[in-house]
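# Residue-level structure breakdown
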Amino acid sequence: PGDVNHLRKMLENRYSHNEELLCYLIDLEIDDGNVEEVKRLLSRFRPEHHRLSRYWRYQGWVADNQGDVRKSIDSYQKSLEIDPLDWSTHLEVGNVFRTAGELGQAEKELEIAIRGKQLSRDLMELPSIFEASEEQLLALLKYIEDCGATDIAEAYRQRLKQLSKT
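Here we summarise the structure given alongside this text. (Residues numbered from 1 in each chain as written. Predicted model: local features only at pLDDT ≥ 70, side-chain atom pairs only at ≥ 80, totals over all residues. Heavy atoms only, no water.)

## Here's the deal with the overall build of the protein
Assigned secondary structure in the protein consists of 9 helices and 0 strands. Across the protein, helices and strands are ordered from the amino to the carboxyl terminus as α-α-α-α-α-α-α-α-α. Long-range pairs, those at least 24 residues apart, make up 41% of the contacts in the protein between residues at least 6 apart in sequence. Of the accessible surface of the protein, which amounts to about 10,000 Å², a share of 51% is contributed by carbon and sulfur atoms. (Helix = DSSP H or I, 4+ residues; strand = E, 2+ residues; numbered from the N terminus. Contact = heavy atoms within 4.5 Å. Areas by Shrake-Rupley, 256 points an atom, 1.4 Å probe, with all protein chains shown as cover.)

Put into structure tokens, the structure is as follows:
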């Protein structure tokens, strides 16, 4: 990922309020399993960043790695309240549910995560979303519904109806 130390210095010295740079560095530390550095970087989030689903996903990761299953699940669920379609958060919370022995909930979350990741990959490989097949568009609707995003699902359903009339 290039010169990470340079990016750290940029965060410290020049772009201290850049949430994307902060999230990028946190993601790198999570990949390395560095709980203490993730905690340090999380402390740099300003209160207005608490509206970001990633903030709560990171909090869930820290809590999970510190053995606090309840706090981890609560944090992941806050993340999903903000962004219910984030397959990576479904994956993380599914793994925590599995560890906690809540196998039914784990299976549900992990299945959503697998479908979400595949849908994301399939749609990103298209030259344009307008190239999506009807099957892909309906699979996306089912994914949205299964994530519990009823408002988004209804808006998407209406848009599909409009498209089918043209």
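After that view, the rundown keeps rolling.
## Remarks on the nonpolar core
It is characteristic of soluble globular proteins that their nonpolar side chains tend to be buried jointly. Ile26, Val38, Leu42, Phe45, Tyr58 and Trp61 are the most contacted members of the largest nonpolar core, which has 25 residues in total. Among all residues touching Phe45, those that are not within four sequence positions of it are Leu22, Cys23, Ile26, His50, Leu52, Tyr55 and Tyr58. Formed by 10 residues, the second largest nonpolar core is a distinct cluster that contains Ala132, Leu140, Ala149 and Tyr156. (Core = buried A, V, L, I, M, F, W, Y, C linked by side-chain atoms within 4.5 Å. Buried < 20%, exposed > 50% of the residue type's maximum accessible area, 1.4 Å probe, protein only.)

## Some words on helix 8 (residues 134-146)
An ideal rise of 1.5 Å per residue puts 18 Å on 13 residues; helix 8 measures up with 18 Å between its terminal C-alpha atoms. Residues Gln136, Leu140, Leu141, Tyr143 and Ile144 constitute the buried set of helix 8. Along the long axis of helix 8, the arc covered by the buried residues comes to 160 degrees, so they all point the same way. Away from the buried face of helix 8 by more than 90 degrees, exposed residues Glu134 and Glu135 are located. (Expected span 1.5 Å × (residues − 1). Arc of directions from axis to C-beta.)

## Focus: the packing of aromatic side chains
On inspection of all chains with the given rule, the structure shows 3 aromatic pairs. With a centroid separation of 5.1 Å and an interplanar angle of 70 degrees, the aromatic rings of Phe45 and Tyr55 are classed as edge-to-face. Of the two residues, Phe45 is situated in the loop between helix 3 (35-42) and helix 4 (53-65) and Tyr55 in helix 4; the sequence distance between them amounts to 10 residues. The class of Phe45 is buried, set by a relative accessible area of 6%. (Phe/Tyr/Trp six-rings, centres within 6.5 Å; stacked < 30°, edge-to-face > 60°.)

## What to know about the packing of helix 5 (residues 69-82) against helix 6 (residues 87-99)
Between helix 5 and helix 6, the shortest axis-to-axis distance is 10 Å and the interhelical angle comes to 155 degrees. One element, helix 5, and the other, helix 6, form an angle in the roughly antiparallel class. As for how helix 5 packs across helix 6, the hand of that crossing is left-handed. Mapping the contact onto sequence places Val69, Ser72, Ile73, Tyr76, Gln77, Ser79 and Leu80 in helix 5 and Thr89, His90, Glu92, Val93, Val96 and Phe97 in helix 6. By residue class, the composition of the contact of helix 5 with helix 6 is 7 nonpolar, 5 polar and 1 charged. (Axes fitted to C-alpha atoms, helices over the stretch in contact; angles between N-to-C directions. Parallel < 35°, antiparallel > 145°, perpendicular 65-115°, else oblique. Left-handed = near helix turned anticlockwise from the far one by under 90°. Nonpolar A, V, L, I, M, F, W, Y, C, P; charged D, E, K, R; others polar.)

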